[in-house]
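A look at the structure
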Amino acid sequence: MSTVMGHGGFAEESAIEAHGLGKRYRRGWALKDCSFRLPAGRVCGLVGANGAGKTTLMGMAVNLLKPTTGTVRVFGAAPGSTEANRRTAFLAQEKPLFRRFTVAEILRVGRELNPRWDQKTAEEIVRSGDVPFTARISTLSGGQRTRVAFALAFGRRPDLLVLDEPMSDLDPLVRHELMSVLTAEAAEHGTTVLISSHLLADLEDICDYLIVIASGGVRLAGEVDALLAAHTLLTGARTGAGVHQDLARHTVVESRASGPQVTALVRPDGPLVGTWQADTPTLEEVLLAYLRSPDTPPLISPSARIDPNTAAA
Amino acid sequence: MSTLTTSPAPARRGPLLSGLTWLVWRQHRAAFWTGLAVTATGIACFAYQRASMMEYLSGIGWPTPTSPNWSAGFETYDSRLSTTSSLLGLLMPVLVGVFLGAPLIANDLEHGTGKLVTSQAVSRSSWLARKLGMAVLVVTMCTSALSAAFGWWWGPVSKENKALYWLAGSATGPAPVALTLFTMVGGVAIGMVLRRTLLSMVVTFGFAVAVQLVWASRWLDLGHLVTVTMRDGVGNGTFPNLPEGAYDMHQSYLTGAGELLAHGTCAMETQRVINECLARNDIVGWSVDYLPPSELSPMLWTGSAILLALTVAVAVFIFWWGRKRLY
């Protein structure tokens, strides 16, 4: 994964670029002033509480929603343009399929509607789950249905695959199986993947990039390794109410007292003083801390920052 | 993109449909086949009915019947034509609107399959255009064929009596086609806005009934009335002779001053009182407004043109809504 990323293009190419993206519904802002970029070739987890705007963000990237403010570009093209349409595949949360079609007919939908269609890849994904091609969609189990939806998405050979909560209603076994399919296909074809999920452990397994949204804006964005390295989990003795004096100069994401101990997730800014036991947090610990403290100043790694010059364009 | 390998598509069987056309046909094939089958059955049925009617007519020596009360035997055939005209002009538009129009887009919006299609390499407007286009095409074909077959059945006896000419005739020519298209496209728009299949079917039913009521009460106004007056009193044999098959819309008494009085002005008990009333009001004859039979065809075409213009307006709305508000 150094410079050339399969047919996803060069590593520096942006799969998604959002500039001040915002969406207001009748009940208020779902997403506000969202700016980030997702470099091509990454498998990126999109994390946020319910109603944080994950589906809204995805919807705008795949032309199901029009932004109220700002712009979003997919490989430099506007969503809905022929170019963006051809290169993007989207799997909606409810995984819609024509219920009266057979599996083979669903694959034919992909073949008929896409100039670029890989029947072999699609058939292999279906076959590896032992889903009969002649079965009607309405007779399939939830896992089989998701597998067919995956086959339809991957058969398009997209450069960007957007998956909205693809695993939410599946049992652990099927989930694990489909995660392997996803990882294998994405690695083989250099597909950029944007996947939203509440299952943080799943994301830890498959993602090398992460975007966290909360309170309508981006709180974390960047490589998983870099984001983890930027945080330290500190454990120390409790000295009183409120945030510990020693931590004042660092960015404290979250500090929690339990009994005589204080556990704090911080973004260290300089050397640590005091008697603390420092650990590297897990991805799950970082994510939970950010979800619980949506007011933490955002941390955007350099690769996820948008160039202010292109923002003006 | 050089590494892309695409396996050749397997050989296709069945009709040579591809792309969106295949998808729309596959998705709605039950409705389309039903429409085609009903049309074929209907045409066969009309042909059979016409044959048996012509057999009866030739049996009695029509058009110069030997027996004076031949028309009693003809009533069966007359009423079959009237019933069929209601099926074509009333029932068909309602059924097509409710069962084809309303679910056409609403079902995809309700079950998310619209998202599935528009997230393929297909634009929203081309998807809508293909759906609407194919539905309009199938409906136009079927309704035109049925209307033509019905007109062929009705043609030889159309002028036999006034009711047959105007009642059965109202479901000939372009009228059933235009009524069905307008109701169906209206149903599509309703489904698109409401996004729920069952609800849009119910609302479309209401819409279809409203269309029928407005059509039934207004289409006769599209003709040019001819007025005829007679000043031979109002007794027996004084009513003006109207052309055969003419539809008398208004009958009034005519006064010596040329004013018109309602037909019932002197509906009284005894002849003596009636005569007094006629004299008092200076009623000298009749004035009748009627539609000559030659008006039927222009009236149907004018009405259909209005309906088709409305259909186009609704279709424009559908595409506008699809671009701006679909998701």
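Given the structure is predicted, the values throughout are model-derived calculations rather than measurements.

Topic: the overall build of chain B
Along chain B, the regular secondary structure elements total 10 helices and 4 strands. Mapped in sequence order, the helices and strands of chain B form the string α-α-α-α-α-α-α-α-β-β-β-α-β-α. Relative to the 2.2 N^0.38 estimate, which gives 20 Å for 327 residues, the radius of gyration of chain B is 27 Å and therefore markedly larger than a compact globule would have. Overall, the C-alpha framework of chain B stretches about 105 × 50 × 30 Å when taken along its three principal axes. For chain B, with 327 residues in total, the buried portion stands at 36%. Counting only contacts in chain B whose residues sit at least 6 apart along the sequence, the fraction spanning at least 24 positions is 82%.

With respect to the interface of chain B and chain A
In this complex, chain B contributes 24 residues to the contact, which on the side of chain A involves 27 residues. Secondary-structure elements contributing two or more residues to the side of chain B that touches chain A are α1 (19-27) and α4 (113-118) of chain B. Of the residues forming the side of chain B that touches chain A, the biggest block, 6 residues, is contributed by α1(B).

What about the environment of C207(A)?
Residues and elements named next belong to chain A. Tracing the sequence through the fold places C207 in the loop between α7 (200-206) and β8 (209-214). Residues C207 and L46 lie 161 residues apart in sequence; the distance between their C-alpha atoms is 9.6 Å. The contact partners of C207, leaving out residues within four places of it in the chain, are V43, C44, G45 and V224.

Some remarks on helix α1 (residues 54-61) of chain A
Residues and elements named next belong to chain A. Burial analysis of α1 places 8 of its 8 residues in the buried class, which makes it a mostly covered element. By the burial criterion, the buried members of α1 are K54, T55, T56, L57, M58, G59, M60 and A61. Taken from the residues just after α1, N63 is the one with a positive phi, measuring 70°.

Criteria and thresholds
Counting starts from 1 at the beginning of each chain's written sequence and moves along it residue by residue. Going through the entries in the order they are written, you letter the chains from A and number the ligands from 1. Given that this is a predicted model, residues contribute local features only at a pLDDT of at least 70 and side-chain atom pairs are listed and counted only at 80 or more, while totals for whole chains, interfaces and linings are drawn from all residues. Secondary structure elements are defined from DSSP: runs of H or I of at least 4 residues count as helices, runs of E of at least 2 residues count as strands, and each element is numbered from the N terminus. Restricting the calculation to C-alpha atoms gives the radius of gyration, and the globule rule supplies 2.2 Å times the number of residues raised to the power 0.38. Partly exposed residues are those falling between the two cut-offs: more than 12 but fewer than 20 other C-beta atoms within 10 Å of their own, whereas 20 or more means buried and 12 or fewer means exposed, with C-beta atoms placed from the backbone. Any two residues are considered in contact once their C-beta atoms, placed from the backbone, lie within 7 Å.

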